[in-house]
Amino acid sequence: MRAILAQKRELSLSELPVSEVLPALLRALAQSPQVLLAAPTGAGKSTWLPLQLLQQAALPGRIIMLEPRRLAARNVAQRLAEQLNEQPGETVGYRLRGEQRCGPHTRLEVVTEGILTRMLQRDPMLEGVSLVILDEFHERSLQADLALALLLDVQQGLRDDLRVLLMSATLDNDRLRHLLPDAPFIVSEGRSYPVARRYAALNAQGRFEDAVARDVAQLLREETGSLLLFLPGVAEIERVRRELAARVSDEVDLCPLYGALSLDAQRRAILPAPAGRRKVVLATNIAETSLTIEGIRLVVDSALERTAQFDVRSGVTRLTTQRISQASMTQRAGRAGRLAPGLCLHLLPQEQALRAAAQSEPEILHSDLSALVSDLLLWGCQDVSQLRWLDTPPARSVLAATALLQRLGALDEKQQLNARGRKMAALGTEPRLAAMLCAAGDDVDAIASAALLVAILEDPPRSGSVDLRDALNAPQSHWQQRARHWQQRLNARGGRVNPDLFPSLLVAGFADRLAQRRGDSARYQLANGIGGMLDEQDALSRYGWLVAPTLLQGASAADARILLALPVEIDDLRRRCPTLVEQQTDVEWDAEKGTLRAWKRERIGSLVLSAQPQARPDADVLHPAMLRWVREAGLSVLGWTPEAEQLRLRLHCAAQWLPEEAWPAVDDETLLVSLERWLLPEMRAVRDLKGLQAVNLTSALLHLLTWSQRQRLDSALPTHYTVPTGSRLPIRYDAEKPPALAVRIQEMFGEAHNPTVAEGRVALVLELLSPAQRPLQITRDLAAFWRGAYPDVKKEMKGRYPKHPWPDDPASAVPTRRTKKFSS
């Protein structure tokens, strides 16, 4: 192999900055399972270094390089192959979703996210692979984080000879050092050409597109060469392009570049401008990394990006425009220094740039984790804590993902993948789409129909039409090609697309997005409880029922925007999907009659199809309905006595003061989730609201404790304290303040120190009272009170209460509840 590579094309080691650290990198890979490489943009880490590793490193197997973006992966593979005077598919190949250029002699594979996960799932040993490179790791994509966690698991348990190399211009060194403390950290200094960085605030008074176009046009007049303009999204690209068209000369070509463009349009943006012409590439952050755009020496950075933020509560993604991190600014500036000395203009004041976050927030912290949880379960990981993460997946997001997989029928009663779930996970697409493919069963027509639906939803139409039927009736060639791929994956041949099957197939993955129109408006109520809306003029708004698989939550609107939907006949859908409709008894408060009423309802999620009042439902139906009502109304509807409230506070305090014991959580959210465990056992005789509010909540809460926990709670955090006179007085616990004991001052005579609870860890605050039970002093240090303030108190009280004892040394006096006896 070394001889073959040497014959192909010799690259001077002095051409690229990363060549200087190649010897150190080779030594590190020979000795360490994980290696970190920070190399500036243009250093050659993506388009030169992998070939050198293939040639010079002692790696008997293949190299897999993960690129976070499809366009970058294809472009990197093409450039690597060109250096060998080959086409992709020979020594260098690539694998993308629905596209593959690899052959029997391929030694270096560039893959996109998801592909590497699939490879690991099929072959956890990664047989024949010696090195996995995670390129542009600073982007912290969800799949890159998952890939690293799985690779570390493989290294620990299966392959101690497997090497992992993390590369980027701007690695989060502190986080990586914490996760991989023994990994060598190699830094490649400098870049091919210097880049001057300037900062300028946009004019806040005018439109964004006007201000950006004006600054870009001015820079083109002052400087030579082509320009790369970073904008947050497609809408801004189109608006700025229109403004620029009127401001630049005819010799300047305006080329958009974003992921949804056709491959030909993307190539036009990447290729150099024709002789005698310049170009302006208007790009999203797709051009930020691992993508050489020919001829660029100027960069204008809007310093903005559009990110997808998943709302766990609604299950809908919200697009947010936000300031980019300093790491992304560095990446963007580096695009100007690939081929010549460059200039980058950041469109914000320098002080704001310096205040920006150092690194971008990892996707794993704000994404839908249903696919990740499915992958983990297929891997055999029941608990995310079993793997090593840079950022542990948030518990709320994991719970929401698990709940979705449960609704899709992918999990068994132990929350593990069942046969359907394993089939869904092995398909390698989003769980909702996988559920649609599995719902087709063995029917070749249903498979053909599901395959076309999934192909369109994977790559939604850009025509602007919300009506999914427009795409289904005139499918584009790339959808048809992708649909054939899914048919092959399901071992289905032939088959005819049947439009009658579309609603039931869509509901298999998106039952929670079945939508019912509200009155005669273009607003809809979804089965998951949120609202959706169409434009008033949209023809779809005349339909009473829709399935809306594609939604977008606006920044301020209460209702989500319906981006793609299919009208459905609800009666026909019920016949085809009988399990879609649930029979449920609900209770609700009748304000007019002041009582609870029971209703038997047919419903799809939160959508009610029919309702019938129930006179006296059975307890096994009524009690679950009551619990649902309590969850909606809140814990305040129950009959909380002071005793029950104090028990709850004692449990709250026990968790703080005795943390070695696994005390149950008693916050509102946890108690509402666990009503069946603690409240239901005390509801045997409950038939109405009066009976519900009469439930002994003290006894109910004790169901949360084991017998030993009850014993320890009563011993360590008692309800009462016996003072020296023998009086048994209540202790008052508080969530925010120390526990307090109100006691007459004479009953504490003979006590030198404050009594304690929590096995001596917490002192009681003493609220000392006069003989008439009026407050005298609050003290946390009784001994200091006897020595200090007591003489003044004694002086005042002795004249007011002469029949009561007021000893000079109260710490050694006899406590009493009585007055002094006087002889006549």
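Within any chain, residue numbers begin from 1 and follow the written order of that chain's sequence. Selection of residues for local features in this predicted model requires a pLDDT of at least 70, selection of side-chain atom pairs for listing and counting requires 80 or more, and totals for whole chains, interfaces and linings are taken over all residues. Remark: hydrogens and water are excluded; side-chain values derive from all non-hydrogen atoms of the structure.

Brief notes about the sheet that holds strand 12 (residues 278-283)
Sheets are built from strands that pair by backbone hydrogen bonding, the pairs being arranged parallel or antiparallel. Condition: Strand pairing requires that DSSP identify at least two bridges connecting the strands. Starting at the N terminus, helices and strands are each numbered in turn, a helix being any DSSP run of H or I of at least four residues and a strand any DSSP run of E of at least two. Axes here refer to lines fitted to C-alpha atoms; in helices the fit is confined to the stretch in contact. Angles between the N-to-C directions go from 0 to 180 degrees.
Strands sit in the order 9-16-13-10-12-11 across an open sheet of 6 strands; the sheet is parallel. Either end of the sheet is taken by a strand with one partner, and the two such strands are strand 9 (195-199) and strand 11 (252-257). Across the sheet, the axes of successive neighbouring strands diverge by a mean angle of 20°, strand direction being ignored. Of the strand pairs in this sheet, strand 10 (residues 226-230) and strand 12 are connected by 4 bridges, and their pairing is parallel. Residue pairing in the sheet places Leu-229 in a bridge with Leu-282 of strand 12.

A word on the UniProt feature "domain: Helicase ATP-binding" (unreviewed entry) in the protein chain
Selection criterion: UniProt positions are given in the numbering used here, feature names are shortened, and annotations may be inferred rather than shown by experiment.
Mapped onto this structure's residue numbering, the UniProt feature "domain: Helicase ATP-binding" (unreviewed entry) falls at residues 26-189. With 35% helix and 24% strand, the stretch residues 26-189 has end C-alpha atoms that lie 17 Å from each other.

Remarks on the packing of helix 5 (residues 115-122) against helix 13 (residues 370-379)
Quick note on the threshold: For classification purposes, an angle smaller than 35 degrees is called roughly parallel, one larger than 145 roughly antiparallel, one from 65 to 115 roughly perpendicular, and anything else oblique. In this scheme the crossing of two helices becomes right-handed for a clockwise turn of the near helix relative to the far one and left-handed for an anticlockwise turn of less than a right angle. Throughout, a contact is declared for two residues whenever any of their heavy atoms are within 4.5 Å. Residue classes follow a fixed rule: Ala, Val, Leu, Ile, Met, Phe, Trp, Tyr, Cys and Pro count as nonpolar, while Asp, Glu, Lys and Arg count as charged, and any other residue, Gly among them, counts as polar.
Two elements in contact, helix 5 and helix 13, have axes separated by 10 Å at closest approach and are oriented at 20°. Between helix 5 and helix 13, the interaxial angle falls into the category roughly parallel. As for how helix 5 packs across helix 13, the hand of that crossing is left-handed. On helix 13, the residues touching Thr-117, Arg-118, Leu-120 and Gln-121 of helix 5 are Asp-375, Leu-378 and Trp-379. Residue composition of the contact of helix 5 with helix 13, by class: 3 nonpolar, 2 polar and 2 charged.

A look at helix 8 (residues 208-222)
As a reminder of what qualifies: How far a helix is expected to stretch is found by multiplying one less than its residue total by 1.5 Å. With a 1.4 Å probe rolled over the protein chains alone, any residue whose accessible area is under 20% of its type maximum counts as buried; one over 50% counts as exposed, and the rest are partly exposed.
Look at helix 8: 22 Å from first C-alpha to last across 15 residues, which is about the 21 Å you get at 1.5 Å a residue. For helix 8, the set of buried residues is Glu-209, Asp-210, Ala-211, Val-212, Ala-213, Val-216, Ala-217, Leu-219 and Leu-220. Tucked into the core, helix 8 has its buried residues touching strand 9, strand 10, helix 9 (234-245), strand 12, strand 13 (296-301) and strand 16 (342-346).

Overview of the pattern of salt bridges
Counted only if it meets this: Within this document, salt bridges are pairs made up of a side-chain nitrogen of Lys or Arg and a carboxyl oxygen of Asp or Glu, the two lying within 4 Å of each other.
Evaluated as defined, the whole model comprises 41 salt bridges. With a closest N to O distance of 3.9 Å, Arg-198 and Glu-223 form a salt bridge. Residue Arg-198 is located in strand 9, and its partner Glu-223 is located in the loop between helix 8 and strand 10; the two are separated by 25 residues in the primary sequence. Here Glu-759 ties to Arg-761 by a salt bridge, and the two come within 3.6 Å at their closest N and O atoms. By sharing partners, the salt bridges in this structure join Arg-207, Glu-209, Asp-210, Arg-239 and Glu-243 into a single network.

Some thoughts on the side chain of Ser-727
Quick reminder of the rule: Throughout this description, a polar contact denotes any pair of N or O atoms lying within 3.5 Å of each other; where both atoms belong to protein, one of them has to be capable of donating a hydrogen while the other can accept it, and for residues adjacent in sequence the pair is counted only when both atoms sit in side chains.
Locating Ser-727 in the fold gives a position in the loop between strand 25 (720-722) and strand 26 (728-732). For Ser-727, a relative accessible area of 10% translates into the label buried. Here the side chain of Ser-727 touches Thr-725 through a polar contact of 3.3 Å, side chain to side chain. Excluding its chain neighbours within four sequence positions, the residues that come into contact with Ser-727 are Tyr-721, Thr-722, Glu-747 and Arg-817.

Let's talk about the pairing of strand 16
On any regular strand, side chains alternate: one points to one face of the sheet, the next to the other face. In terms of burial, strand 16 is largely enclosed, as 5 of its 5 residues are buried. Judged by which residues are buried, strand 16 turns out to be covered on both faces: Gly-342, Cys-344 and His-346 on one side and Leu-343 and Leu-345 on the other are all buried. Two elements, strand 9 and strand 16, share 5 bridges in a ladder whose sense is parallel. Looking at the pairing, Tyr-199 lines up with His-346 of strand 16. Relative to strand 16, strand 13 runs parallel, the two sharing 4 bridges. Counterpart to Leu-298 in the pairing with strand 16 is Leu-343.

Some details on the packing of helix 4 (residues 70-82) against helix 10 (residues 263-270)
Between helix 4 and helix 10, the shortest axis-to-axis distance is 12 Å and the interhelical angle comes to 60°. Along this stretch, helix 4 crosses helix 10, giving a crossing that reads as right-handed. Between helix 4 and helix 10, the contacting residues are Leu-71, Arg-74 and Asn-75 on the first element and Leu-263, Gln-266, Arg-267 and Ile-270 on the second.

Overview of the packing of aromatic side chains
Test applied: Two rings belonging to Phe, Tyr or Trp (six-membered ring only in the last case) form a pair when the distance between their centres is within 6.5 Å. Interplanar angles under 30 degrees mark stacking, angles over 60 mark edge-to-face geometry, and anything in between is tilted.
Here the structure, examined in full by the defined rule, presents 4 aromatic pairs. With a centroid separation of 6.0 Å and 55° between ring planes, the pair formed by Phe-749 and Trp-786 is classed as tilted. One end of the pair, Phe-749, is in the loop between strand 27 (740-744) and strand 28 (756-757); the other, Trp-786, is in helix 29 (residues 782-787), and 37 residues separate them in sequence. In this structure Trp-786 comes out as buried when scored by relative accessible area, which is 7%.

Quick word on the environment of Pro-642
Locating Pro-642 in the fold gives a position in helix 23 (residues 642-657). When the C-alpha atoms of Pro-642 and Pro-503 are compared, they prove to be 54 Å apart, with 139 residues separating the residues in sequence.

Structural notes on the sheet that holds strand 25
Spatially, 25-26-27-30-31 is the arrangement adopted by the 5 strands of the open sheet, whose pairing is mixed. Each edge of the open sheet carries a strand with a single partner, namely strand 25 and strand 31 (775-779). On average, each strand axis in the sheet is inclined to that of its neighbour by 30°, with strand direction left out of account. With 2 bridges joining them, strand 26 and strand 27 adopt antiparallel strand pairing.

Some thoughts on the nonpolar core
It is characteristic of soluble globular proteins that their nonpolar side chains tend to be buried jointly. What counts, and what does not: Remark: nonpolar core denotes a set of buried residues (Ala, Val, Leu, Ile, Met, Phe, Trp, Tyr, Cys) joined through side-chain atoms within 4.5 Å.
Formed by 100 residues in total, the largest nonpolar core has its most connected members in Leu-116, Leu-134 and Leu-514. What Leu-134 contacts, discounting residues up to four positions off in sequence, is Leu-66, Leu-116, Ala-144, Ala-147, Leu-148, Leu-151, Leu-165, Leu-166 and Met-167. Trp-640, Ala-644, Val-757 and Ala-758 belong to the second largest nonpolar core, which has 65 residues in total.

Quick look at the environment of Gln-121
With respect to the element layout, Gln-121 can be found in helix 5. With a relative accessible area of 15%, Gln-121 lands in the buried category. Here the alpha-carbon distance between Gln-121 and Leu-378, two residues 257 residues apart in the chain, equals 7.5 Å. Not counting the four nearest positions on each side in its chain, Gln-121 is found in contact with Asp-375, Leu-378 and Trp-379. A polar contact of 2.8 Å, which involves the side chain of Gln-121, links it to the backbone oxygen of Asp-375.

With respect to unusual backbone geometry
Positive phi is not limited to glycine here, since Asn-491 has a value of about 55°. Following the sequence through the fold, Asn-491 ends up in the loop between helix 19 (477-489) and helix 20 (502-510). Of the residues examined, Asn-491 reaches a relative accessible area of 71% and is grouped as exposed. Here the phi dihedral of Gln-773 falls at roughly 70°; this positive angle occurs in a residue that is not glycine. On the secondary structure map, Gln-773 appears in the loop between strand 30 (765-769) and strand 31. For Gln-773, a relative accessible area of 48% gives the class partly exposed.

A look at the confidence of the model for the protein chain
Regions with low pLDDT carry predicted coordinates that are not meant to be interpreted in detail. Applicable threshold: As a per-residue measure, pLDDT reflects the predictor's confidence and takes values from 0 up to 100.
The predicted model of the protein chain has a mean per-residue pLDDT of 89, with 95% of residues at 70 or higher. Segment residues 1-14: pLDDT under 50, and 22 contacts once partners within four positions in sequence are set aside and those in other chains are kept.

Examining the environment of Pro-659
Within the secondary structure, Pro-659 sits in the loop between helix 23 and helix 24 (668-673). Remark: the alpha-carbon pair of Pro-659 and Arg-631, spanning 28 residues in sequence, is separated by 28 Å. Other than its neighbours up to four places away in sequence, Pro-659 contacts Ala-654 and Arg-761.

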